[in-house]
Each structure stands twice: as C-alpha cells, then as structure tokens.
2 protein chains.
Amino acid sequence: MQPNKIREHLRKFTRLPHLAGTEQNLRYAEQIRDEWLEFGLDSVEMVPYDVLLSYPNKSQPNYISIVDQLGNEVFNSSLAEPVPEGYEDTSNIVPPYSAFSAKGQPEVHTCTTGSILQVSKGIFVFTCVKSVKHNLCARVQPYPAGWNLPGGGAQRGNVLNLNGAGDPLTPGYPAKDYTYRFSLEDGVGLPKIPVHPIGFHDAIHLNMGGQIPPNNWKGALNVSYRIGPGFTDDFKSQKVRMNINTDNKVTRIYNVIGRIRGALEPGWRPRRTIVFASWDAEEFGLLGSTEWAEDNAKLLQERAVAYINADSAIEGMYTLRVDCTPSLHTLVYDLTKQITSPEEGEEGVSLYESWHKRDNWTNDRDAPRISKLGSGSDFEAYFIRLGIAAGRARYTKNKKTERYSSYPVYHSVYETFEIVEKFYDPTFKRLQAVAQVRGGLIFLLADSQLLPLDADQYADSLRKYAHSITQLAQTHPEEMKVYEVSFDSLFSAVENFTVAARDFHERLQTLNRVRVMNDQLMYLERAFIDPLGLPGRPFYRHVIFAPSSHNKYAGMSFPGIYDALFDIEHSADPQKAWEEVKRQISIAAFTVNAAAMTLTPPA
Amino acid sequence: MQPNKIREHLRKFTRLPHLAGTEQNLRYAEQIRDEWLEFGLDSVEMVPYDVLLSYPNKSQPNYISIVDQLGNEVFNSSLAEPVPEGYEDTSNIVPPYSAFSAKGQPEVHTCTTGSILQVSKGIFVFTCVKSVKHNLCARVQPYPAGWNLPGGGAQRGNVLNLNGAGDPLTPGYPAKDYTYRFSLEDGVGLPKIPVHPIGFHDAIHLNMGGQIPPNNWKGALNVSYRIGPGFTDDFKSQKVRMNINTDNKVTRIYNVIGRIRGALEPGWRPRRTIVFASWDAEEFGLLGSTEWAEDNAKLLQERAVAYINADSAIEGMYTLRVDCTPSLHTLVYDLTKQITSPEEGEEGVSLYESWHKRDNWTNDRDAPRISKLGSGSDFEAYFIRLGIAAGRARYTKNKKTERYSSYPVYHSVYETFEIVEKFYDPTFKRLQAVAQVRGGLIFLLADSQLLPLDADQYADSLRKYAHSITQLAQTHPEEMKVYEVSFDSLFSAVENFTVAARDFHERLQTLNRVRVMNDQLMYLERAFIDPLGLPGRPFYRHVIFAPSSHNKYAGMSFPGIYDALFDIEHSADPQKAWEEVKRQISIAAFTVNAAAMTLTPPA
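Residues numbered from 1 in each chain as written. Chains lettered and ligands numbered in written order. Predicted model: local features only at pLDDT ≥ 70, side-chain atom pairs only at ≥ 80, totals over all residues. Heavy atoms only, no water.

Looking at an unreviewed UniProt entry, one finds chain A named Aminopeptidase NAALADL1, with Sparus aurata as its source organism. Under the heading Function (unreviewed entry), UniProt records this for chain A: "Aminopeptidase with broad substrate specificity. Has lower activity with substrates that have Asp or Glu in the P2' position, or Pro in the P3' position. Lacks activity with substrates that have both Pro in the P3' position and Asp or Glu in the P2' position. Lacks carboxypeptidase activity. Lacks dipeptidyl-peptidase IV type activity." As stated in UniProt under Cofactor (unreviewed entry), the record for chain A gives "Zn(2+)". (UniProt positions renumbered as here; feature names shortened; annotations may be inferred.)

Below is the structure:
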C-alpha cells in the first residue's frame, strides 16, 4: 500500500459529482469493476436494485423565503453553494437538500435553529451553522483557507427514519425487478413534512426572536441566538415560507461485488473467500448495502465470518478510531502493533503506541479506546440485522477538543480532494495507516487457520454493558422496588456466558477440531440476534448493539432495555413502562444465555 | 422391535390418567428418563418450563343447562363420561372440557350443533356427535362393543388460537423461571368466550329449532337436525345457560430429553447425535415442544438435520400414512421397501407395496401417497418456525370411506389401551411397522455419510404447489387482468431452484466434499424460512408450508398467497386485497430464489 497510489485513487474518484442513480455514478461503478478485474479478483459483477431515491426538481429549485405582510418574498435562501476554486466548470453538482423531504409550500410561524435536526409538532426545523459551534473549530478558517465550513455551505443528507429497512418501498426484501413495491403512502420511514438545509449566511437573515437557547445550542457567530417562536419584534409581521419540490423516484443503483475465492490451490489464496463490495446509494439510507444483505441473507447467515466497513477514511488529523464488535478487540490490538504510526516524528513507533498515547481507554483498561459500533453506515444490515461480526476504522479528530460530529465540511460542496491533500493528510500516510488496518483485519480474518475472534472479550464487554444499563435503571431506586425490577437474571446470564467463553478458549488449546470450533466462533455474533427484532423495529435484531430509538447515534448497548428505561420518564402509565423494562431484561438474559449455549461443545 | 414390547410399553403408559402438569405425568416423565438411561442413552435430563395450563375447577364443575322461563335448570349436561369397564377405580380422570375456555355463566339464545367447532358472533358453539356423522362409522358399534364413540363421550381439547406461539404468556421465549410473563389479558390466543364440549346423549335434549343444516353437517342420529337459533316451537321459552369455571394456571411441565452422542468411537455410535424428546403438554397447545424449541432455537438452526415426530401411532386399520417435507420423499420410499407389511395375508410383501396398493398417489405419480405436513402436533415449531426438515408416520384409516378426522373416541375416556388391543392392532404388528418407519428414518438420517435429503424432490413439489396456487388464483381471471397479477416470477424462481437442485445432485456424484454439501442439504429447509413470518403470525415463518389462517389443518402450500387469495372474497377493498396477493407472490418468488442460491457451490 503506497501513499501515492491512495492519492491517485482518491483523486480519480472525487473528480466528478456522482450522486447515486446518476450516469456518472454508474461510470464510476464500471470503473471499479474494471479495476478490480485488473487487480486479479476472480470475479466481479454489477448487482442492480431499483430503489426509491430522491432528487431536487431541476426546474423548480428548493428554497426558503421570508415573506412580508403583503405576501412578498423579501428574502430567498441561496439555491446553491458558492463553488470552490477548481470546480467552476463542474456540472451536475446537486444543491444542498434533504433527500426524501415531503413536498410543499408551507408558511411556518415558528423556526428553531439548533445544532441538531429536530422535528417539533407539525412544523419544521432546518440545520445550520453546526460547524462553527465550537471554539476550536471557529478558530479554523473556512475553506479554502482552512478546513472549516464557509457560511454558504450546507449539509446534504436524507431525512428517512428507516430503522434498518433499506429501500422504503421493499422493506425486508431486495428491490429486484419482480419485487412487490408498496405505494409511497405505505413506504417505510418517509417524512410527512418538508425539510431543507441552509447555510448560516442565510440563517442570520431570519432575525429570530423568542427564548434564548441552552448554551450547547449556541454557535460562535456574532449574533444573539434565539429559538423562536417567530421573529424579533422589529420583524414580527414576517413569516417564513418553505418551497420544497424534491421528487421521489424509483431509480436503478449498482453495487459492485468482487470475489477472491478461498481455497488451498497453487498460487496464494486466502483460506476463506473474500468478497469486496462497493455499495451504491449509502447516503440515501444505506440502500445498496441493505438490499444486497436482503438478497443474500441466507448465505450470509450460514457462511459469513466478518464484515469490515470502509466509509470515510479520515475525519480528523489526530489518531486512529476503531469501532467494532467486542470479539474483534484482541485482533485490532494485535494488528495495530504491527503497523507503523503515520505521524511525523513517530518513526519506529507503532500505530498502537501512537493511538494509545492519544486516546487511552482509561475508564476501561490501559489500552487504546475502541468504541461500540453505532449505526448510519453500511455495516448496519450485516451487524444489526444479520448478526455478523463487524468493525470499522478511520483516522479521527481529538474528541476532547473537537466536539462536532464528523467534520465541518461534511456533505457540503467543500468536501473535496484538495481539503484532504492540503489539510487532512498531505503525505497520505494517515490514509495508508487506515488502509493497513482495514486490509490487515480482512487478511487475518480470511487467512488465519483459527478464526481470530475472541469470545472472552465479548464476555468482558457484556459485563460492562450490563453494569452500565443497571446503573441507568438505578437512577429510579424506588420504582425498581415497587415494580420488582431485578437485573439478577441478566448478570447470571453474563456469568454463564463468561464461563462458556472461558471453557471454549481452553478447549481451543487442546482440541484440534478447527472446523467445528470455527463454526462456533463464526456463529457467536449471530447468537445475539433475536428473530423477533426490537420492539417495533423488525430489522434491528441485535440484542446487544442497536441504535437506541431515542439517541440514534449513541450505539448504546442493550438497546431494548435502554429504550424501555427511556420511556419510563415519558409514559403516562409507569407500571406498564416498568413492565416493559422487566420484559426487556428477560429477553436480554435469555439471549445471552442462548449465546453461551452456542459456545458449548456440540452434544 | 418386538410387538410384545410395544404392547407392554403401551400398557404401562396408558394405565393411569396423566394430564400435563399433574403428579402422575411427572411420574411417567421420570419413568421415561429412567428407562432411557437403562436403554443406554448417553444422557437424559428433565427440562422444566412453567407454562399456562387450564383445568376444570374441582368444586365447581362445568356444565350446560336448559333453563325454563322461571329460571329453573330443567336439564343439566353430564359432569363426566360413563367410565369404561376396567377403569371403574381409576381416579383423576379429567372430565371433558375445553382447555383455556373463558369463565362465565352466559345465557345463550342461539345454539348451533355441527361437526366442527365454530365460533359465531359473540355467542358460542359446542362440539358434538362428530363420530356418528358418517355412515361407515355409524355402522360400527360404540365402545366397548366396537371402536365408535358412545353417546356419553365427548372430546377434550384446547381452544387456543396460538399460531405457533407456544406458552400464551411467553410468546417467542422459553417459559423459564426468569422469563417475563404477560398478564392473562395480554396473553396470546386466549379465547374471550366460554366453550364446552358435550356428548350427543346430552345434545339431543336441546330440541333445537330453526334452519335445516347443510347435509355435511348432519350426523347419523335419528333426530331432525336443526341449527337454531333457539329451540323448536314447543320449547321456545327455554334458554341455555353455560356454567364454565375452568381456571388458567401457570404450571410446571417436564420434557424429557435424551441423547446418543454421535462420534466415530469404539462401539457403534451414529455419525450424528440423536436427541430423543418426550414432550409435555402437547394437548395444551404444543407447549413442551415449543418452549424447548424457543430455548434451543440457535443451536437447532445451526445444527439440526431433521425432526421426526411421534404422535398417535395409529388412527385406523387400513394402511401407512406419512406426512413429510418433500426432501424426505425418496428416503421414505426407499425405507418402506425394506420393511414388511403388517397386514395378515401379506407375508413377504413390503410395506411399500401394501401401502401403494391401498393408497396410490394417482394424481401425482404411481407411488404411495405422501401428504404435506399440516399443523397441530409437536413438529410445528421445528418445521414451521425453525425450518428443520420434518416428517411423521402412523397407521391410518381408509380416507375414502372414513371421512372423520382422527378416530371416533379421540380425546374421550374411551381412548384406552384395550381399544388398541381389541380393535386397532391386536397383533401389535401395525404399531411395529410404524415404529420401524420412524426408527428407520432416524437411523438413516443420523448414520448415512451423505444426508439422505433430496433437493430434486423439493423442486418437483414446488412446481406442483405453484401450479395449484395459480389455479386457485385463476378462478378470478378478470381481476387478475385488472390488477396485473402474474405468477411468472414464482415459476421463474421454481425453475431456478430446479436447476440449482439438479446441479447440486450432479456435483454430489463427482465431488467429495461431504461436510460442505451436507451443510447445504441441512440448510435447505431453513432456506424457506422468512424471518418476518407470515402476515400477523410471526411464529409461522415457513413460506411453503404453514397452516392457512382459514383452513387450519389443510397444510396448504404457499400459505401467504393462499391466505391473500382467500381474503379476496372477504375484503371490502378488492384492489388492496389483490395488492396483497401480488406482494405474497413476490415474497414466495424471492424465497424460492434464495433457497436456490443456498444450493449453489460456496463461492
């Protein structure tokens, strides 16, 4: 893996806009296919699905206007972002929009600016100025002078609430030509209200009045932050009108799927088959990856060992970030000790040491921090629906000082090849290190005789998660007594799992039944799947890891219990709410016990 | 296998009443455990669950009374059946009752006698005189002179509507000590109305008036059959009052689970482990078998090759009856050619020939008829929920002339050891033949190097099922055009499966990768499971075989399509109903295509 090759590939695939479902995206998919064949993969195919996508209407652009008492539009938001240098002649740049927004021209009386996309009763909210919220970030110059977001930039994204369903019209099944499609009314997760993103240069024109927001909603602009409703007194006769004409459209997308077949044949091959996948339409709701998971669910459940995700490889300049299932912890540590730090002045220092120094997992162990897998990227269907061991790696920022999500120019027109070359990784060595981590994980998972998965680590993590969720419940000590809520069954199950894992790894030392024990390791993650899914979310089936309904990106463990505890404070019927907590504890205990059974010797 | 041993075991286990949840049933379970250990099984354990059962109230018996206009009870139905000879001193015979009936003393104005248990709007119906309905049966003397049902006999059974959920209070999870239990109000499938069975000696006192029933509802009694509402004119001031005091109660049940471990060790062992299971509480809704399936679902899905059911072994004196998954057809034919006919005068004739002669599968092939697996016995959770290849065998009646279900004394006090010894199988050779079929299937499934499962047979059956369900749809040719309903995708999927199955069996001839191909065979049945379940029935997940919602015991193939077609005639919105047909065709096509993929060589 050479930095200059990485640079070359990044340059090539970022030169032209390639929104899912467009001609250019198909061209890139074909290019990936051709290159993979050239690299020597055994087979590469394009796998199409016809999924619901969403595009702005070219002849009726989306915008937000301020309307005076006579109904005149006295201000309109920008129709596009100012294009950065070097891209003046680039056509087909899609303007900022919220994919799958409802259409409409509502006049809205309340606006709320905030750092998060938040939908209040029947009205609307739009994102803005997220990137200038924190001081460190505000001291950084806007692109192109620095890596911060200019005031004309805005974040694209989708506003679906899919809960893992994939294509909104074919939940649970792959969107093939013969697949039955629900109508738009019956589709999954489509919002009923218009949504639109604007930049902060537009947002300051709103002159919002009303309450002062909580401090953590305030940004670093030199304005007095207000959350509405309505405008300041000087402008109180004004209204805001949204003009949203985005169209939903069933559109063909193309995954590219390549294979290196595993076998003991002349010439090197991995022991196990490696499948490479270039997923289409990730930004539209993980559609390409989810449809292919639905299409191949039976084979994957029977045969898949692990899934390594490759989404953005760099979001900061500080150190490595790994999110993975606990059974991969040991492998990640072992591997990163073999890789060199990409940081200047750290010649001869391992990536592990460099990472450890910058992000010690102090509240857990003296080792680099590894996070739980959350959601929002293509591993979702593989990990949370099918129960395949999964992990991801990227280079990241210093979370202690840079407390914005992803990176300032995320999903704006300023997210360019040049911002990587100029600011994030001029030597391309950080990206090389990330590639070595991802590639090393794949190589070792595919080629080790004994699968490098660690059930003991899963046991340790389960115990910690059980303690965390118990502590959360214990913030209600009196109700726990009244409603007789006990976590004993869960801790007993974790203990059973711990013993089974220890015995399993002891048998590994002495027994020589690699195939049988590899099967058990392969199925360990699958054992945490509840076929009934989480309450109301049939496609989120992992009992340990799934997004909580209420904090989508937290990746809280034991999501069923967590959600039930969350509802305690929002339920009109506390007894019923606590009954649900008890039910979820019982399901978690059963699932962990059942997972322990899968590690026992075949009877 | 010796007839006298079979006789001895049947005598032993039928001597005393042993309702699930009672002391005597636990004694029998312990006896099974002890005998299995004595027979040499490697391990035997009692596996308890605490499930909802239902018993008559001993101090307030259930009965139905006729009430005159003054409110006096002028007739009460019998509290028990007249006990047959030889059982006069037997205590603890539970009187006829409908387990899980609602409690109550409703006065009911409408009664309907019929051959089936049928619930009309808000009222009630009771079973009666089922056994005398058909002429052949009516010519047979009531027990003890013959094998027919006496007028004092009535059929016990449960009136749950579980759809595969197992214990009504713990749907989806095993009923262990720590398992969360729903309240009775939230339990699955519990009826809201009182139900009670009476014999025809009581039923004739009802003097029912009203309409004459359809002919196939009429029995062979010398009365004028009427379906109500109300009584004949002479008795029109009378009413019927039900007095139902049956109690639901969470009760401990015990499965007995024995194992012969599979291994290539000194001394004969099967290649694969055999698990023997004695299921508790079958009559209360398949509770023992379903809870154990829930408890062991993950292991069973990963490792189970096949499930052979052993419910009643004889229901007639005519010939063999086999119901099984299509992949077992070939094995059943091969095996029965090795077994001798138990029929007198057929010395030297194979069971296959004897069976073929009596029940030729003329509309399918020149071979003995094999039926689809239906529901209502302990294979349900293994086959329809988990997707494990399954079969059952018993001796049966001549269906052409004896058109009642099961056998006349079914679930009455007259279902005795003596009725078998005197009428059904005096030499115990028929039971021996059944034991040889069941045992032979288990032996060959456990000990053959290559699993004796036939994917080609599954392909053939799928094609026939697809034709049948298409024909059903084509009874609505115009709507099929209007709503653009096509079965092409299903036939195309069946064709894909057929090719994959043929290729698979061809590879079996030449390749020598037994372990890999046995895995593929093992997972073939699993491939027909849709994790989302059938509409509204999350525990019935087999896309090819499941009870239709509307014809519970038919075992119609493609139940999703079948149910959708049934709804066509009962829906106020035909367009919506036909959309559901199309959706179900698409799901069936996808599932068959996915099953075909599992037979392709591992990539």
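After that view, the rundown keeps rolling.
J.: Explain the environment of His-476 of chain B here, please?
T.: Residue and element names in this part refer to chain B. Structurally, His-476 can be placed in the loop between α12 (455-473) and α13 (477-482). With 270 residues separating them in the primary sequence, His-476 and Leu-206 have C-alpha atoms 43 Å apart. Filtering out sequence-adjacent residues up to four positions away, His-476 remains in contact with Ile-568, Glu-569 and Trp-578. (Helix = DSSP H or I, 4+ residues; strand = E, 2+ residues; numbered from the N terminus. Contact = heavy atoms within 4.5 Å.)

J.: Which parts of the structure should I look at to understand the packing of aromatic side chains?
T.: Residue and element names in this part refer to chain A. A full pass over the atoms with the stated rule returns 46 aromatic pairs over all chains. Measuring from centroid to centroid gives 4.7 Å for Tyr-307 and Tyr-382, while their planes differ by 5°, and the two rings are stacked. Remark: Tyr-382 occurs in helix α9 (residues 380-385) and Tyr-307 occurs in strand β10 (residues 306-309); sequence separation between them is 75 residues. The exposure classification of Tyr-307 matches that of Tyr-382, with both residues buried. Between Tyr-407 and Tyr-424, the aromatic rings sit 6.4 Å apart at their centres with planes inclined by 70°, giving edge-to-face as the arrangement. With a gap of 17 residues between them, Tyr-407 in the loop between β12 (389-396) and α10 (417-424) and Tyr-424 in helix α10 connect regions that are remote in the sequence. Relative accessible area serves as the criterion here: at 9%, Tyr-407 is assigned to the buried category. Each member of the aromatic cluster is reached from another via a ring pair, and the members are Phe-383, Tyr-458, Tyr-465, Phe-497, Phe-528 and Phe-545. (Phe/Tyr/Trp six-rings, centres within 6.5 Å; stacked < 30°, edge-to-face > 60°. Buried < 20%, exposed > 50% of the residue type's maximum accessible area, 1.4 Å probe, protein only.)

J.: Sorry if this is basic, but what is going on with the relation of the copies chain A and chain B here?
T.: Think of it as a corkscrew move, a rotation about one axis and a shift along it, taking one chain copy to the other. Superposition of chain A onto chain B requires a rotation of 180° combined with a translation of 0.0 Å along the rotation axis, giving an RMSD of 0.1 Å. This pairing of chains is accounted for by a two-fold axis. For chain A, the residue whose C-alpha comes nearest the rotation axis is Pro-531 of chain A, separated from it by 3.2 Å. Looking at the interface residues of chain A, 100% of them are also at the interface in chain B, so both copies use one shared face. (Least-squares fit on C-alpha atoms with pLDDT ≥ 70 in both.)

J.: What am I meant to see in the sheet that holds β10 of chain A here?
T.: Strand pairing in a sheet relies on backbone hydrogen bonds, with the paired strands running either antiparallel or parallel. Residues and elements named next belong to chain A. Read from one edge of the open sheet, three strands run β10-β12-β11, paired in mixed fashion. Whereas interior strands pair on both sides, the edge strands pair on one side only; in this sheet they are β10 and β11 (319-324). Each neighbouring strand pair of the sheet contributes to a mean axis angle of 20°, computed without reference to strand direction. Of the strand pairs in this sheet, β10 and β12 are connected by four bridges, and their pairing is parallel. The partner of Tyr-307 across the bridge, within β12, is Ala-390. (Pairing = 2+ DSSP bridges. Axes fitted to C-alpha atoms, helices over the stretch in contact; angles between N-to-C directions.)

J.: Quick question: what am I supposed to make of the packing of α12 of chain B against helix α14 (residues 488-510) of chain B here?
T.: In a packed pair of helices, the relevant descriptors are the angle between the two axes and the axis-to-axis distance. Residues and elements named next belong to chain B. Between α12 and α14, whose axes approach to 8 Å, the crossing angle comes to 170°. By the criterion of interaxial angle, the relationship of α12 to α14 is roughly antiparallel. Where α12 abuts α14, its residues Ala-455, Asp-456, Tyr-458, Ala-459, Leu-462, Arg-463, Ala-466, His-467, Ile-469 and Thr-470 lie against Leu-490, Phe-491, Val-494, Glu-495, Phe-497, Thr-498, Ala-501, Arg-502 and His-505. Residues of the contact of α12 with α14, tallied by class, amount to 11 nonpolar, four polar and four charged. (Parallel < 35°, antiparallel > 145°, perpendicular 65-115°, else oblique. Nonpolar A, V, L, I, M, F, W, Y, C, P; charged D, E, K, R; others polar.)

J.: So what exactly am I meant to see when it comes to the interface of chain A and chain B here?
T.: Listed by partner, the interface residues are 46 residues for chain A and 48 residues for chain B. Buried surface at the junction of chain A and chain B, summed over both partners, amounts to about 4,000 Å²; 62% is from carbon and sulfur atoms. Three residues stand out in chain A for area buried against chain B, namely Tyr-173, Tyr-180 and Lys-298 of chain A, and they jointly supply 19% of the buried area on that side. Applying the counting rule to chain A against chain B returns zero salt bridges. Those elements giving two or more residues to the side of chain A that touches chain B turn out to be α5 (287-295), α6 (297-303), α15 (514-524) and α17 (574-598) of chain A. Per-class residue counts for the side of chain A that touches chain B are 22 nonpolar, 10 polar and 14 charged. (Buried area = accessible area lost by both parts, 1.4 Å probe. Salt bridge = Lys/Arg side-chain N within 4 Å of Asp/Glu carboxyl O.)

J.: It is not clear to me how the pairing of strand β7 (residues 239-243) of chain B should be interpreted in this structure. Could you clarify?
T.: In the case of a regular strand, side chains alternate between the two sheet surfaces. Residues and elements named next belong to chain B. Of all the five residues making up β7, four are buried; the element is thus mostly covered by neighbouring parts of the structure. As judged from the five bridges shared by strand β2 (residues 63-67) and β7, these two strands associate in the antiparallel manner. Looking at β7, one finds that Ile-66 is bridged to Val-240. In this sheet, β7 lies alongside strand β5 (residues 107-108) in antiparallel orientation, the contact comprising two bridges. Note on β7: the bridge partner recorded for Val-108 is Val-240.

J.: Even after reading the chapter, I still don't get the pairing of strand β11 (residues 319-324) of chain B, so can you show me in this structure?
T.: Residue and element names in this part refer to chain B. Across the six residues of β11, six count as buried, placing the element largely inside the fold. Here β11 runs beside strand β12 (residues 389-396); their pairing, made up of six bridges, is antiparallel. Its bridge partner being in β12, Cys-324 is matched across the sheet by Gly-391.

J.: Whenever I open this one, the pattern of salt bridges confuses me. Can you help?
T.: Residue and element names in this part refer to chain A. Under the definition given, this model contains 58 salt bridges over all chains. Arg-156 is the partner of Glu-81 in a salt bridge, and the nearest nitrogen-oxygen pair spans 2.5 Å. With Glu-81 in the loop between β3 (73-76) and β4 (98-99) and Arg-156 in the loop between α3 (135-139) and β6 (157-158), the pair connects residues that are 75 residues apart, well separated along the chain. Residues Glu-81 and Arg-156 agree in their burial class; the two are buried. Residues joined in a network through salt bridges with shared partners are Glu-73, Glu-107, Lys-239 and Arg-241.

J.: Would you mind showing me how to read the environment of Leu-524 of chain B here?
T.: All names here are of chain B. Mapped onto the elements, Leu-524 comes out in helix α15 (residues 514-526). With relative accessibility at 2%, the residue Leu-524 sits in the buried group. It is 24 Å that separates the C-alpha atoms of Leu-524 and Thr-470, two residues lying 54 residues apart in sequence. Leave out the neighbours within four places in its chain, and Leu-524 touches Ser-327, Ala-455, Tyr-458, Phe-497 and Leu-599.

J.: Explain the environment of Leu-162 of chain A here, please?
T.: All names here are of chain A. Residue position: Leu-162 is located in the loop between β6 and α4 (200-203). For Leu-162 and Glu-35, which are 127 residues apart along the polypeptide, the C-alpha to C-alpha distance reads 33 Å. Every residue in contact with Leu-162, bar those within four places of it in the chain, is listed here: Pro-168, Val-188, Gly-285 and Leu-287.

J.: Whenever I open this one, the side chain of Arg-394 of chain B confuses me. Can you help?
T.: Residue and element names in this part refer to chain B. With respect to the helices and strands, the residue Arg-394 is situated in strand β12. At a separation of 2.6 Å, a polar atom in the side chain of Arg-394 contacts the side chain of Glu-315. The contacts of Arg-394, once residues within four sequence positions are left out, are Asp-311, Ser-312, Ala-313, Ile-314, Glu-315, Thr-319, Leu-320, Arg-321 and Val-434. (Polar contact = N/O pair within 3.5 Å; in protein donor to acceptor, adjacent residues only side chain to side chain.)

J.: Sorry if this is basic, but what is going on with the domain arrangement of chain A here?
T.: All names here are of chain A. For chain A, the domain assignment lists domain 1 (3-55 + 252-447), domain 2 (57-159 + 195-245) and domain 3 (455-598). Distance from the C-alpha centre of domain 1 to the C-alpha centre of domain 3: 28 Å. In this complex, domain 1 contributes 27 residues to the contact, which on the side of domain 3 involves 24 residues. With both sides pooled, the region where domain 1 packs onto domain 3 buries about 2,100 Å², and carbon together with sulfur makes up 52% of that total. At the junction of domain 1 and domain 3, the tally comes to one salt bridge. Note that Asp-364 is salt-bridged to Lys-464, the shortest N-O span being 3.2 Å. (Domains from an automatic or database assignment.)

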